[in-house]
Amino acid sequence: MHNKSLVSISDLSKIEILEILDAAEDFERNPNRKTFDGKVVATLFFEPSTRTRLSFETAVIRLGGSVIGFSDAATSSSSKGETLHDTIRMISCYADAIVMRHYIEGAARAAAEISPVPIVNAGDGANQHPSQTLLDLYSIRKTQQRLENLNICMVGDLKYGRTVHSLIMAMAHFNPTFKFIAPKELQLPEKYKDFCRQNNIKFTETEVFTDNFNDADILYMTRVQRERFVNLDEYEQVKDVYILNNQMLMNSKPNLKILHPLPRINEILPEVDSSEKAYYFQQAQNGLYVRQAILTKVLS
Ligand code: CP
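So, here's what we can say about the structure. (Residues numbered from 1 in each chain as written. Predicted model: local features only at pLDDT ≥ 70, side-chain atom pairs only at ≥ 80, totals over all residues. Heavy atoms only, no water.)

**A word on the nonpolar core**
Judged by nonpolar contacts, the single largest core of 56 residues is most densely connected at Leu 134, Leu 137, Met 154, Ile 168 and Leu 295. Looking at which element gives the most residues to this core, the answer is helix 9 (residues 280-298), with seven residues. Those residues in contact with Leu 295, other than ones at most four positions away along the chain, are Phe 36, Val 41, Phe 56, Ala 59, Val 60, Val 99 and Val 120. The next biggest cluster of nonpolar side chains, apart from the first, holds 19 residues, and it includes Cys 153, Ala 216, Met 221 and Tyr 242. (Core = buried A, V, L, I, M, F, W, Y, C linked by side-chain atoms within 4.5 Å. Buried < 20%, exposed > 50% of the residue type's maximum accessible area, 1.4 Å probe, protein only. Helix = DSSP H or I, 4+ residues; strand = E, 2+ residues; numbered from the N terminus. Contact = heavy atoms within 4.5 Å.)

**Some points on the state of the cysteines**
All chains considered together, the criterion is met by zero disulfides. Sulfur of Cys 153: no disulfide; nearest cysteine sulfur belongs to Cys 196 and is 14 Å away. Taking the relative accessible area as the measure of exposure, Cys 153 reaches 2% and is therefore buried. Assessed through its relative accessible area of 0%, Cys 196 is described here as buried. (Disulfide = S-S within 2.5 Å.)

**Regarding the pairing of strand 8 (residues 218-221)**
Residues Ile 218 and Tyr 220 point to one face of strand 8 and Leu 219 and Met 221 to the other, with burial holding for every one of them. For strand 5 (residues 151-155) and strand 8, the ladder comprises four bridges, and the chain directions are parallel. Residue pairing in the sheet places Val 155 in a bridge with Met 221 of strand 8. Where strand 8 lies against strand 9 (residues 257-259), three bridges are found, and the strand directions are parallel. Counterpart to Leu 219 in the pairing with strand 9 is Ile 258. (Pairing = 2+ DSSP bridges.)

**Let's talk about the site of the ligand**
Inspection of the region around the ligand gives Ser 49, Thr 50, Arg 51, Thr 52, Arg 101, His 129, Gln 132, Pro 261 and Leu 262 as its neighbouring residues. Within the side chain of Gln 132, a nitrogen or oxygen atom sits 3.0 Å from a nitrogen atom of the ligand. Between the ligand and Leu 262 there is a distance of 3.0 Å, counted from a nitrogen atom to a backbone nitrogen or oxygen. Compared with its free state, where it exposes 250 Å², the ligand has 91% of that area covered by protein. Considered class by class, the residues forming the shell around the ligand number two nonpolar, five polar and two charged. (Near = heavy atom within 4 Å. Polar contact = N/O pair within 3.5 Å; in protein donor to acceptor, adjacent residues only side chain to side chain. Areas by Shrake-Rupley, 256 points an atom, 1.4 Å probe, with all protein chains shown as cover. Nonpolar A, V, L, I, M, F, W, Y, C, P; charged D, E, K, R; others polar.)

**Points about the environment of Glu 105**
Mapped onto the secondary structure, Glu 105 falls in the loop between strand 3 (97-102) and helix 4 (107-114). Here Glu 105 falls in the partly exposed class, since its relative accessible area comes to 48%. Taking C-alpha positions, Glu 105 is 30 Å from Leu 63, a pair spaced 42 residues apart along the chain. Apart from the residues lying within four places of it in its own chain, the contact partners of Glu 105 are Asp 124, Gly 125, Ala 126 and Asn 127.

**Quick word on unusual backbone geometry**
Between Leu 262 and the following residue, Pro 263, the backbone shows a cis peptide bond with an omega angle of 5°. Looking at the element boundaries, Pro 263 is found in the loop between strand 9 and helix 9. Within the chain, Gln 145 stands out as a residue other than glycine whose phi angle is a positive 60°. The exposed category is assigned to Gln 145, whose relative accessible area is 63%. A positive phi angle is found at Leu 262, which is not glycine, with a value near 65°. By the element assignment, Leu 262 lies in the loop between strand 9 and helix 9. A relative accessible area of 12% places Leu 262 in the buried class.

**A closer look at the environment of Glu 185**
By secondary structure assignment, the location of Glu 185 is in the loop between strand 6 (177-181) and helix 7 (190-198). In this structure Glu 185 comes out as partly exposed when scored by relative accessible area, which is 38%. Spatially, the C-alpha atoms of Glu 185 and Asp 136 are 25 Å apart, while their sequence positions differ by 49 residues. Setting aside anything within four residues of it in sequence, one finds Glu 185 in contact with Lys 159 and Val 238.

**Structural notes on the sheet that holds strand 7 (residues 202-206)**
With parallel pairing, the five strands of this open sheet are ordered in space as 7-6-5-8-9. Strands with a single pairing partner mark the edges of an open sheet, and in this sheet they are strand 7 and strand 9. Adjacent strand axes in the sheet meet at a mean angle of 20° when their direction is disregarded. (Axes fitted to C-alpha atoms, helices over the stretch in contact; angles between N-to-C directions.)

Don't take any of this as a statement about function, it's just geometry.
Given below as structure tokens:
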């Protein structure tokens, strides 16, 4: 981790990732502690969020610390034209760590380079979402009892989905086999396929969803990211391309778990929620424990 900040999942070694997952297990057993007494964490959300912001804030509160910040940049002085540089310089006068989501790729890295306090990237454009990746890893390990040698099928918006990009990079430590299912407009960017090739990660690509994940241990569904489209007509053409229903799970492996970073729109029908293979709400709950572990590490 550079300067105690967590900007990209590649800032963490395999050992550091496993240490965070182990610490998160401890927090799951006992989430209420007072180790952050007197600490202040700022949450700066320049893009909307439900889970990430509220689970980070709950993590701080359950550890006895305090939270400042904003959930809508329109209420901050960035709406008057204050630069990100000046915003970070100011907030670092008040807080011991800053959790930031920003619509510009690379904004978290730029903030970490000038911030005297740790920055935790809560998502920067279509680039990275490392705390989501750590909770995804936690959820995979918890449900499969291992991280190594798993078949992972990623479905939907693989072009703009930052959680997909971060998770591919993290899984490089654990010899996965990926199947990437996306319409041609939303296929995984070439740089992530190059990353897989350079790291000897096996992968296949297809546009066909139905009956194409029967060998998967993890089915990682994603939302089509409307906010990243310049032309909304293009969004309309692909938004409903894949919709998971219970019938499609009939021939899936008994150990299959369905993950989704959420929010979902309609890519998973509500009938799937009651399937024992659905794990996305527990996955979001795991985010609390993982974010307690992340904040404890950056503030240690
Ligand atoms: N998974 C995720 O980042 O959700 P939010 O946008 O609600 O934070």
